[in-house]
Protein chains: 2
Amino acid sequence: MKRICVIGHHAPSSGDFSLNDLAGGAGRMDVLCRCVSSALFLSHGIRRDVEVYLILLGPPRPPVTLRFSGEEIRSLNPDERSTASLIRKALSLPRGDVFRESTPGLAVRRGGLAELLADHPFAVLHENGTDLRKAGSLPENVLLSDHLNFTADEEEIVSGCPAFSVGPLSLHANAAISLLLNEHDRRSAGWT
Amino acid sequence: MKRICVIGHHAPSSGDFSLNDLAGGAGRMDVLCRCVSSALFLSHGIRRDVEVYLILLGPPRPPVTLRFSGEEIRSLNPDERSTASLIRKALSLPRGDVFRESTPGLAVRRGGLAELLADHPFAVLHENGTDLRKAGSLPENVLLSDHLNFTADEEEIVSGCPAFSVGPLSLHANAAISLLLNEHDRRSAGWT
């Protein structure tokens, strides 16, 4: 299982955002939707061995964590709007401390980065990390930030995590995810 | 200059499509918008040395070619909806055989693949091509298809073009673009 987590610093933690303003009023929910798509979609299929976690830190009741399970997801399409629509449904549910499914393969709970790191170890994808292509073994679980840098508090929480870089330029999070998964694909297939 | 061209087999050639249904009634315009974003955006900037061409083959008056110039583009945001909105404006203009600018950095003309290949040589990104990482020199200009395969007619037109592959699995076009540009970035920066 590979796990990919993206922190949405302004993404709303309730479902009352407009699907027509994902990049504005919805706190750059578009960035997160593209990450879900890049992490889970192959050209004609789903990456069943991937889970995506979105940590939403926007108002009104953060933090919230969404979990998309590649193994179980249904009704997911690659476009931003339909992914955001699934997220909106998930955020309209009452939520507790354990994951509760809203639609098949999508679950939601209270809590954020600290809770997720208590469940699983993560590496960080970051410009200053080790080149992924040179890593002896690739990280299974990786954490990225949205269009903003990690906050000082987040930096402290992840300070002990190994860091990897996908290339010499700073890229959008969904591009970094595509690059990570391609490196996994190549190694699995024996493409050196 | 790098040029990236994506063929949209059902993407409409007029501007009267709904921004609320890019993945449906708008003929998978979402796929093309993600390609524009992946080709032109860095984390906090634009790839000024990239041009993106979208060839639209859907009704009512195909083929049409759009050209996004990284050097000159303005008002472009990474989300699908705002990119589609610029496309809609471009498609509402009368068009001729030469590119005409609709908004800064976005131009439109009649014509499709044959006309573009008459202007510039292109390579094809395709599952069966040579591994990009092993290419002695990387292609500057690449052609991809949207969610559909090239048609028989297109296959014939590109049969003489060199073909390159980004990895062992078939991926969405925008992911393939990210992988190509990362390989360029790495070579330019001396990351071997």
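Residues numbered from 1 in each chain as written. Chains lettered and ligands numbered in written order. Predicted model: local features only at pLDDT ≥ 70, side-chain atom pairs only at ≥ 80, totals over all residues. Heavy atoms only, no water.

Novice: How should I be thinking about the relation of the copies chain B and chain A in this particular structure?
Specialist: One copy of the chain maps onto the other through a rotation about an axis plus a displacement along that axis. Structural alignment of chain B on chain A gives an RMSD of 0.0 Å, achieved by rotating through 180° and translating 0.0 Å along the axis. In short, the pair behaves as if placed about a two-fold rotation axis. (Least-squares fit on C-alpha atoms with pLDDT ≥ 70 in both.)

Novice: Sorry, what's going on with the packing of aromatic side chains here?
Specialist: Centre-to-centre distance and the angle between the planes together describe a pair of aromatic rings. For the structure shown, the criterion picks out 2 aromatic pairs over all chains. Seen in terms of ring centroids, B:Tyr53 and B:Phe99 are 6.1 Å apart; in terms of plane orientation they differ by 55°. Their pairing is tilted. Residue B:Tyr53 is located in strand S4 (residues 50-56), and its partner B:Phe99 is located in the loop between helix H2 (80-91) and strand S6 (100-103); the two are separated by 46 residues in the primary sequence. Residue placement shows A:Arg67 over the ring face of A:Phe99; its charged tip is 4.4 Å from the ring centre. (Phe/Tyr/Trp six-rings, centres within 6.5 Å; stacked < 30°, edge-to-face > 60°. Helix = DSSP H or I, 4+ residues; strand = E, 2+ residues; numbered from the N terminus. Lys NZ or Arg CZ within 6 Å of the ring centre and 35° of its normal.)

Novice: How should the sheet that holds S6(B) be read in this particular structure?
Specialist: Working definition: the strands of a sheet are paired by backbone hydrogen bonds and lie parallel or antiparallel to each other. Residue and element names in this part refer to chain B. In spatial order, the strands read S6-S7-S5-S4-S1-S9-S8-S10; together these 8 strands make up an open sheet with mixed pairing. Only two strands of the sheet have a single partner each, and these edge strands are S6 and strand S10 (163-165). Neighbouring strand axes in the sheet, compared pairwise and without regard to direction, differ in orientation by 35° on average. Where strand S5 (residues 64-69) and strand S7 (residues 106-110) come together, 5 bridges link them in antiparallel fashion. (Pairing = 2+ DSSP bridges. Axes fitted to C-alpha atoms, helices over the stretch in contact; angles between N-to-C directions.)

Novice: Explanation requested: the pattern of salt bridges in the structure shown.
Specialist: Oppositely charged side chains are able to pair whenever their charged atoms sit close together. A complete count under the given rule lists 22 salt bridges over all chains for this structure. For A:Asp49, the salt bridge goes to A:Lys2, with nearest N and O atoms at 2.5 Å. Here A:Asp49, found in the loop between strand S3 (45-46) and strand S4 (50-56), pairs with A:Lys2, found in strand S1 (residues 2-8); they are 47 residues apart in sequence, far enough to count as distant. Of the residues examined, A:Lys2 reaches a relative accessible area of 13% and is grouped as buried. Here B:Asp97 makes a salt bridge to B:Arg110, at a shortest N to O gap of 3.2 Å. Note that B:Asp97 is positioned in the loop between H2 and S6 and B:Arg110 in strand S7, a separation of 13 residues in sequence. Judged by its relative accessible area of 57%, B:Asp97 is exposed. Linked by salt bridges that have partners in common, A:Arg28, A:Asp30, A:Arg34 and A:Glu80 make up one network. (Salt bridge = Lys/Arg side-chain N within 4 Å of Asp/Glu carboxyl O. Buried < 20%, exposed > 50% of the residue type's maximum accessible area, 1.4 Å probe, protein only.)

Novice: Looking at this model, I keep getting lost on the packing of helix H5 (residues 173-189) of chain A against helix H5 (residues 173-189) of chain B. Mind explaining?
Specialist: Each pair of packed helices gets described by two things: the angle between the helix axes and the distance between those axes. Packing of H5(A) against H5(B) leaves a shortest axis separation of 9 Å and a crossing angle of 80°. What the angle tells us is that H5(A) and H5(B) run roughly perpendicular. Seen from H5(A), the contacting residues are A:Asn174, A:Ala175, A:Ser178, A:Leu179 and A:Asn182; seen from H5(B), they are B:Asn174, B:Ala175, B:Ser178, B:Leu179 and B:Asn182. For the contact of H5(A) with H5(B), a count of residues per class yields 4 nonpolar, 6 polar and no charged. (Parallel < 35°, antiparallel > 145°, perpendicular 65-115°, else oblique. Contact = heavy atoms within 4.5 Å. Nonpolar A, V, L, I, M, F, W, Y, C, P; charged D, E, K, R; others polar.)

Novice: Just checking my understanding: could you explain the interface of chain B and chain A for this structure?
Specialist: Quoted interface sizes are often the accessible area lost when the parts come together. Taken together, the 38 residues of chain B in the interface contact 38 residues of chain A. Carbon and sulfur atoms supply 53% of the area that chain B and chain A bury against each other, a total of about 3,500 Å² over both sides. A salt bridge links A:Arg133 to B:Glu183; the shortest N-O distance between them is 2.6 Å. If you look at where chain B meets chain A, you find 17 residue pairs in polar contact (both at pLDDT 80 or more). Of all the secondary structure elements, the ones that give two or more residues to the side of chain B that touches chain A are helix H1 (29-40), strand S2 (41-42), H2 and H5 of chain B. The greatest single-element share of the side of chain B that touches chain A, amounting to 9 residues, is contributed by H5(B). A per-class count over the side of chain B that touches chain A returns 12 nonpolar, 13 polar and 13 charged. (Buried area = accessible area lost by both parts, 1.4 Å probe. Polar contact = N/O pair within 3.5 Å; in protein donor to acceptor, adjacent residues only side chain to side chain.)

Novice: Looking at this model, I keep getting lost on the nonpolar core. Mind explaining?
Specialist: In globular proteins that are soluble, nonpolar side chains generally tend to be buried together. Of all hydrophobic cores here, the largest spans 100 residues; its most connected members are A:Phe68 and B:Phe68. Among all residues touching A:Phe68, those that are not within four sequence positions of it are A:Val36, A:Leu40, A:Val50, A:Glu51, A:Val52, A:Leu54, A:Ile73, A:Leu76, A:Thr83, A:Ile87, A:Gly105 and A:Leu106. (Core = buried A, V, L, I, M, F, W, Y, C linked by side-chain atoms within 4.5 Å.)

Novice: How should I be thinking about the side chain of B:Ser69 in this particular structure?
Specialist: Structurally, the position occupied by B:Ser69 is in strand S5. Apart from residues no more than four positions distant in its own chain, B:Ser69 is found in contact with B:Val50, B:Glu51 and B:Gly105.

Novice: How should the packing of helix H1 (residues 29-40) of chain A against H5(A) be read in this particular structure?
Specialist: Residues and elements named next belong to chain A. Direction vectors running N to C along H1 and H5 enclose 10°, while the axes themselves pass 8 Å from each other. Of the possible angle classes, the one that applies to H1 and H5 is roughly parallel. Taking contact as the criterion, the partners of Arg34, Cys35, Ser38 and Ala39 in H1 are, on H5, Ala173, Asn174, Ile177, Ser178 and Leu181. Tallied by class, residues from the contact of H1 with H5 come to 5 nonpolar, 3 polar and 1 charged.

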